[in-house]
Amino acid sequence: MHLIVVSDDLDFYDHIHPDYKGNGRFEVEANFPKPGNYTLFSDYKPTGKPERVSVVKVKAPGTISSLSDIEIKNVKVFGNTKVELSFDQPKVQANEEVMISFNLKNAANNNPVTDLQPYLGEAGHLVIVKKSASITASDYIHAHALPGKTTEPIRFATKFPETGTYKVWGQFKRNGEIVTADFWVNAL
């Protein structure tokens, strides 16, 4: 089971794996770092059944700060990793399959990373959430990297179901540490 926690302004993201306690019961400790509304996506696959996503809304008490600006950039640095986000087409079109690539480099010297490791059995994980007044399960996408590649670029095939602004989080494991790379994307 994956538990994805996002603030409704999409500034905060956490990917948690609850502990299975038996009889269909899972436990988890979640962190809500600032006041506001949060959406929790429980992403799981019951034995012999299709994957399911359940949504729970949570409110962390306190004064809610103003929304952050949305900045569309395709290159960012996360710790010691420089990440470039690219697509196989010039514009992302809603409801059309798109190939998303994450090119990872060492931030210090711009050389390709050589220490990628499988993360939860995959070269990478991708979570996408559509910016929405009320986030629902239909605003959520979770994909795994295409198989057979543990070197950069790490690629994912997916669809953005509707026009709108989405937050994309790619997660990769480098030398035992998880790198979470977040980007805003507009789908036309």
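Here the residue index of a chain counts from 1 through its sequence in written order. Given that this is a predicted model, residues contribute local features only at a pLDDT of at least 70 and side-chain atom pairs are listed and counted only at 80 or more, while totals for whole chains, interfaces and linings are drawn from all residues. Based on all heavy atoms of the structure, the side-chain values leave hydrogens and waters out of the count.

S.K.: Could you clarify how one ought to interpret the packing of aromatic side chains in this entry?
M.R.: Pairs were defined over the aromatic rings of Phe, Tyr and Trp, the Trp ring being its six-membered one, requiring ring centres within 6.5 Å. Orientation was assigned from the angle between planes: stacked under 30 degrees, edge-to-face over 60, tilted for the rest. Under the defined criterion, the tally for this structure stands at eleven aromatic pairs. For the ring pair Phe41 and Tyr140, a centre distance of 4.4 Å and an interplane angle of 15 degrees mean the geometry is stacked. You can see Phe41 sitting in strand E5 (residues 36-44) and its partner Tyr140 sitting in strand E12 (residues 140-144), a full 99 residues away along the chain. Considered together, Phe41 and Tyr140 belong to a single accessibility category, that of buried residues. Members of the aromatic cluster, connected to one another through ring pairs, are Phe78, Phe102, Phe156, Phe172 and Phe183. Geometrically, a lysine NZ or arginine CZ counts as sitting over a ring once it is within 6 Å of the ring centre and also within 35 degrees of the ring normal. The cationic tip of Lys76 hangs over the ring face of Phe183; the distance from NZ or CZ to the ring centre is 5.4 Å. Runs of E in the DSSP output that reach at least two residues are strands. Runs of H or I that reach at least four are helices, and both are numbered from the N terminus. Exposure categories follow from relative accessible area, calculated using a 1.4 Å probe and restricted to protein chains: below 20% of the type maximum is buried, above 50% is exposed, and the middle band is partly exposed.

S.K.: Whenever I open this one, the pattern of salt bridges confuses me. Can you help?
M.R.: Side-chain pairs of opposite charge can arise whenever the charged atoms involved come near each other. Only one rule defines a salt bridge in this text: a Lys or Arg side-chain nitrogen within 4 Å of an Asp or Glu carboxyl oxygen. Taken as a whole and assessed by the stated rule, the structure comprises eight salt bridges. Lys34 serves as the salt-bridge partner of Asp11, at 3.6 Å between the closest nitrogen and oxygen. Highlighted residues: Asp11 in the loop between strand E1 (2-7) and strand E2 (13-16) and Lys34 in the loop between strand E4 (25-27) and E5, separated in sequence by 23 residues. Judged by its relative accessible area of 34%, Asp11 falls in the partly exposed class. Linking Lys130 and Glu162 is a salt bridge whose minimum nitrogen-to-oxygen distance equals 3.3 Å. One end of the pair, Lys130, is in strand E11 (residues 125-130); the other, Glu162, is in the loop between strand E13 (154-159) and strand E14 (164-174), with 32 residues separating them in the sequence. The class for Glu162 is partly exposed, based on a relative accessible area of 43%. One connected set of salt bridges, linked through shared partners, spans Asp9, Asp11 and Lys34.

Structural measurements only, silent on function.
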